[in-house]
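# A closer look at the structure
Below, each chain spelled out in residue letters.
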Amino acid sequence: MAQLQPVGKKDDDREDDSEYSPFYGIEKGAVLQEARVFNDPQLDARRCAQVITKLLYLLNQGETFTKTEATEVFFAVTKLFQSKDIGLRRMVYLIIKEISPSADEVIIVTSSLMKDMNSKTDLYRANAIRVLCRITDGGLLGQIERYLKQAVVDKNPVVSSAALVSGFHLLQSNPDIVKRWSNEVQEAVQSKASLVQFHALALLHQIRQNDRLAVSKLVTSLTRGTVRSPLAQCLLIRYTSQVIEESSANPQSGDRPFYDYLEGCLRHKAEMVIFEAARAITELSGVTSRELTPAITVLQLFLSSSKPVMRFAAVRTLNKVAMTHPPAVMNCNIDMESLISDQNRSIATLAITTLLKTGNESSVDRLMKQITNFMLDIADEFKIVVVEAIRSLCLKFPQKYRILMNFLSNILREEGGFEYKKAIVESILILIREIPEAKESGLSHLCEFIEDCEFTYLSTQILHLLGNEGPRTADPSKYIRYIYNRVVLENATVRASAVSALAKFGAAVESLQPRILVLIRRCLYDNDDEVRDRATLYLNYLNGGGNEAHSKTFLFTSLDVPLVNLESSLLSYDASERRFDMSAVPREMKHQPMLEKKTPASKKAAKEAGQKAFANGHLTSSASDAYEKLLNSFPEFSGFGKLFKSSPLVELTEAETEYSVNAVKHIYPQYVVLQFNCTNTIKEQLLDDVSVVVDTSEAEDFIQVASRKLSSMPYGAPGQAFVAFQKTEGRLCVGKFSNILKFRVKEVDPNTGDCDDEGYEDEYQLEELEVTAADYVLKTVVTNFRGAWDAINAENEMVDEYGIGVRESLQEAVQAVITILGMQPCEGTESVSSNARSHTCLLAGQFIGGAQVLVRLQFGIDAQKQVAMKLTVRSDDPEVCAQIHEIIGSA
Amino acid sequence: MEVSAPLIKNILLLDSEGKRVAVKYFSDDWPNLASKLAFEKSVFTKTQRISARAEAEIGMFDGYVVVYKFISDLHFYVTGGDDENELILATVLQGFFDAVAILLSNVEKKTVLENLDLVLLCLDEIVDGGIILECDANVIAARVAMRGAEADVPLSEQTISQALATAKEHLARNWAL
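Residues numbered from 1 in each chain as written. Chains lettered and ligands numbered in written order. Predicted model: local features only at pLDDT ≥ 70, side-chain atom pairs only at ≥ 80, totals over all residues. Heavy atoms only, no water.

## Overview of the overall build of chain A
- In terms of regular secondary structure, chain A is built from 38 helices and 17 strands.
- Put simply, chain A has 891 residues, and 52% of those count as buried.
- Look at the contacts in chain A between residues 6 or more apart in sequence, and 64% of them connect residues 24 or more apart.
- For chain A, the exposed surface amounts to about 42100 Å²; the carbon and sulfur share of it is 50%. (Helix = DSSP H or I, 4+ residues; strand = E, 2+ residues; numbered from the N terminus. Buried < 20%, exposed > 50% of the residue type's maximum accessible area, 1.4 Å probe, protein only. Contact = heavy atoms within 4.5 Å. Areas by Shrake-Rupley, 256 points an atom, 1.4 Å probe, with all protein chains shown as cover.)

See below:
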């Protein structure tokens, strides 16, 4: 009985607690003893039911029974089928499910349960079905199948629901049996009982889910008829959106199949149906503003509901819509603002972040005032959400950086945990990088922050940034004090990064060098060896040889070999033999962290993050740095000059195929390098000599100049093959590449890892990869579009008009043109307000060769949905203006 | 695209200190007792200061949507996935809450513990393996009380007390004649 201690301990806790509980002092051993009453020849039904309740109480509190104990209880419980007491029988059903007996024990109760399944009492039948289906294995199911089939269409809803829900669970383990009930289930869908209809529809869909045509038929027939049950209606909405998603939309007619049904559901009397339909509409892929409007209208009504659940549901959905269609949500802004003071902080946070996404430039100031009060009384997790929203707002309206940066620095000074502070610091770092004007004020906020920062990680990050950015500001000397204070006051890790930061100032700013040297010299006597080592090293660099360029490169560029490789080389290095040779460290990355296999759960998150980054138009600079470093490490490509742009990943295979390949297009001034990231997903194979053969018959402007094979590709480890092309000069080279993966297959025994030596040649067709004009344009953020526009000589302006043809909406036309040009929309002009007849969109970018290019697009739409566009381009290079027009003209 | 019927992840009934009164998990998201208790603690701490008495309240906790309603010293919670229709979860919560109120004279921890069998049966009648079985409080309460079952039981299968009661009734009727 030693393991019963936890329960005993609980009793001690309760001693001073005078609260009465019928389970006071309950103990597993004693209850198991009590369970012997189940064996009495004269059953006391009341007492037995009490003992069962006690057993269930123990289980519910997290107590576990050993195998023997469970078996004993189970056998005793089976005796209780002799009693005819209704209440006791109900408890017997419950405890059998809770104990979940093993397969060989189940046989004891099956006859009793089968008897109850044929009882005249419907509640017995329903419960017996649920218990039996829960505990049974496939073998027994055959015997009772006939009863279950009948039960599905039973006139009493409790029996019918029990059979249908059990069928739903059984479908996992015994699909064949349940599939034979199709006709009965279909009949049950017509049931008048609300929940039966719901269960029947759920089961019917589950049975047919892999048959697209059948699901589509089901939806077609039911959306015409009358599904009465609200829950069933919600299901039907889900199935309908699935059908919409899978059916190829007809872009010409513009009408989406089943949209009318979804819209009709917005007028349903049950709120859950209205909401389900509204949500479904907002989630339609490529939803138009016309389709959105009715859904947004009902959600807006929900916002002022007295029920928190409805307000939450609505604001959460609108928040998602605001990410993709901010103008559509703008109508709700007034209701949204009143939610900032909502008692429920989840609702308030969602409202604020929605407003931050939909707000226009003029509302920023007012909004920020409201948020400042709000920030005081919410938890860190909510604050992080707000900080992230403010960061994207700032990137959207760079002119507002002052007020937003101030806000961030204010909250940085307040109390908060690490995650929260990290989110703020990272936001400031991003703003400094993206908005040049914000750099100086951002840096001084960060300097103040490290004066009193308890988080080593954040201090070192900031010091690193100060070292890189500080020397390039107007007055570098003012940062020295903050940095040197760290050397005096902080722990060894922070001191070491402070020394590095100082050295960077010393190397970059000549006038400061003598003073910096004095400061670094003081660090020679630090009591931490890393700090001393760094000080010694930097002094040598700064004093020594006078090779200024060399010391700058050393200080400002990070290591050009992957750290993992360096680590393994160092581990195998024997100091006695010869000097460590840095150039001997392999530069080829074993696998890129970006491509690491992700668990299904994180996949979605990663995808969303990826989309987010993409939507913001910022390929994180670390990613492009990594690409450049990788490419430069190969002699074939190192002479290509400066990498202009790397595209996002393009998938060249379907998901779940044998070999998974995606590609990145690296654009150089005169060259294009295609990087193929390949993953072998077959355990039994090792691939050797992996290369990609590229056919350029549809890309005649490109001449292949180099390629790089992947020598070996074991299961699961991604590797890269490359092909490089020279572009025809004086022309904007575009074209389609068709690609074949070639390799030698060797069989591997996955258990032993042995592999056969011979192998055979094989190839695998990949999808085509296209180089388009957008690949030659880099998105750039322009903070003051007007100013930049005026700064370019108006003589270098080219204007022309184009007809775009019939489009669903202006928004669609705008999006299409932005995608073709691949440029960065400025000042939030990428979103068109609903029902607008004309729109102006501003784009900024850098053309290959380095010329800045600005574009003003003026759109108009007529009653026939004909869209016309006036394209005005300005660039320092008139050639570039012509090329932009050519891109549009040929698109 | 995976389309699923609304799924309930768990239903929790905790006391005013966050201790378990009755809980039922329908999902493997919490594989062991420790993770279950951690979830209960997290949800309780994040909601204990909120007044969820007049109307059901709602929040996102640890990536789940949780709707909750409190009465006297009891905290009722229903949890769904982050993509679940909030209004459906609220309907389930209301069904549970009202069914308990119908079955018990007084909804407080003491009476719930005294009638724990009824509350556990409520949980069993509301959701089966994550699928909503019934959310009408009156229907749930009737099924828990096995109302409607008595009438069909033949005389020979009744308990002694029931048999006595029936006999008395017969006698009384006969006497009246």
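## Observations regarding the overall build of chain B
- A tally of helices and strands in chain B yields six helices and seven strands.
- For chain B, the N- to C-terminal ordering of α and β elements is β-β-α-β-β-β-α-α-α-β-β-α-α.
- When contacts within chain B are restricted to residue pairs at least 6 apart in sequence, those whose partners lie at least 24 apart make up 47%.
- Put simply, chain B shows about 7600 Å² of open surface, and 54% of that area lies on carbon and sulfur atoms.

## Digging into helix α17 (residues 289-303) of chain A
- Here α17 of chain A contains 15 residues, and its C-alpha end-to-end distance of 20 Å stays within 8% of the 21 Å for a straight helix at 1.5 Å per residue.
- Along α17 of chain A, the sharpest change in direction is near 25 degrees and occurs at A295 of chain A.
- Where α17 of chain A is concerned, the buried positions are E291, L292, A295, I296, V298, L299, F302 and L303 of chain A.
- Looking at the buried residues of α17 of chain A, the elements they touch are α15 (259-265), α16 (271-283), α18 (308-324), α19 (326-330) and α20 (333-338) of chain A together with α2 (86-103) of chain B. (Expected span 1.5 Å × (residues − 1). Bend = angle between axes of the 7 residues up to and from the residue.)

## A closer look at the sheet that holds strand β1 (residues 8-15) of chain B
Residues and elements named next belong to chain B.
- Spatial ordering of the open sheet is given by β2-β1-β5-β4-β3, a layout of five strands whose pairing is antiparallel. Two strands lie at the open edges of the sheet, namely β2 (20-25) and β3 (57-61), each paired on one side alone. The mean inter-strand angle of the sheet, taken between neighbouring strand axes irrespective of direction, is 20 degrees.
- The sheet contact formed by β1 and β2 spans five bridges and is antiparallel. (Pairing = 2+ DSSP bridges. Axes fitted to C-alpha atoms, helices over the stretch in contact; angles between N-to-C directions.)

## Describing the interface of chain B and chain A
- Between chain B and chain A, the contact holds 58 residues from the first and 62 residues from the second.
- Summing both sides of the interface, chain B and chain A together bury roughly 5500 Å²; the carbon and sulfur share of this comes to 60%.
- Together, V3, L87 and M146 of chain B form the three largest contributors to the area buried by chain B at its contact with chain A, with a combined 12%.
- At the junction of chain B with chain A, the criterion picks out ten salt bridges.
- Two residues, E98 of chain A and K24 of chain B, come together in a salt bridge whose shortest N-O distance is 2.8 Å.
- Where chain B touches chain A, the interface holds 21 residue pairs in polar contact (both at pLDDT 80 or more). (Buried area = accessible area lost by both parts, 1.4 Å probe. Salt bridge = Lys/Arg side-chain N within 4 Å of Asp/Glu carboxyl O. Polar contact = N/O pair within 3.5 Å; in protein donor to acceptor, adjacent residues only side chain to side chain.)

## Here we look at the nonpolar core
- By size, the foremost hydrophobic cluster in this structure holds 256 residues, and its most contacted members are F38 of chain A together with I11 and F96 of chain B.
- With eleven residues, the top contributor of residues to this core is α2 of chain B.
- Every residue in contact with F38 of chain A, bar those within four places of it in the chain, is listed here: L43, C48, V51, I52, L55, A76, V77, K79 and L80 of chain A.
- Counting 63 residues, the second-largest nonpolar core is a separate cluster that includes Y776, F859, M869 and I887 of chain A. (Core = buried A, V, L, I, M, F, W, Y, C linked by side-chain atoms within 4.5 Å.)

## A word on a negative patch on the surface
Residue and element names in this part refer to chain A.
- Residues E684, E747, D749, D754, D756, D757 and E758 make up a contiguous surface patch of negative charge.
- Position of D756 among the secondary structure elements: in the loop between β9 (735-747) and β10 (760-765).
- On the basis of relative accessible area, D756 is assigned to the partly exposed category, the value being 34%. (Patch = residues over 30% accessible without salt bridge, like charges linked within 9 Å, V, L, I, M, F, W, Y side chains within 5 Å. Lys, Arg positive; Asp, Glu negative; His and termini not counted. Charge placed at Lys NZ, Arg CZ, Asp CG, Glu CD.)

## Details of the packing of helix α4 (residues 67-78) of chain A against helix α5 (residues 86-99) of chain A
Residue and element names in this part refer to chain A.
- Following both chains from N to C, one finds α4 and α5 inclined at 155 degrees, their axes separated by 11 Å at the closest point. The angle between the axes of α4 and α5 places the two elements in the roughly antiparallel class. Classified by chirality, the crossing of α5 by α4 is left-handed. The residues of α5 that touch α4, namely those facing A70, V73, F74 and V77, are V92, I95, I96 and I99.
- Per-class residue counts for the contact of α4 with α5 are eight nonpolar, no polar and no charged. (Parallel < 35°, antiparallel > 145°, perpendicular 65-115°, else oblique. Left-handed = near helix turned anticlockwise from the far one by under 90°. Nonpolar A, V, L, I, M, F, W, Y, C, P; charged D, E, K, R; others polar.)

In short, shape yes, function no, at least from these values alone.
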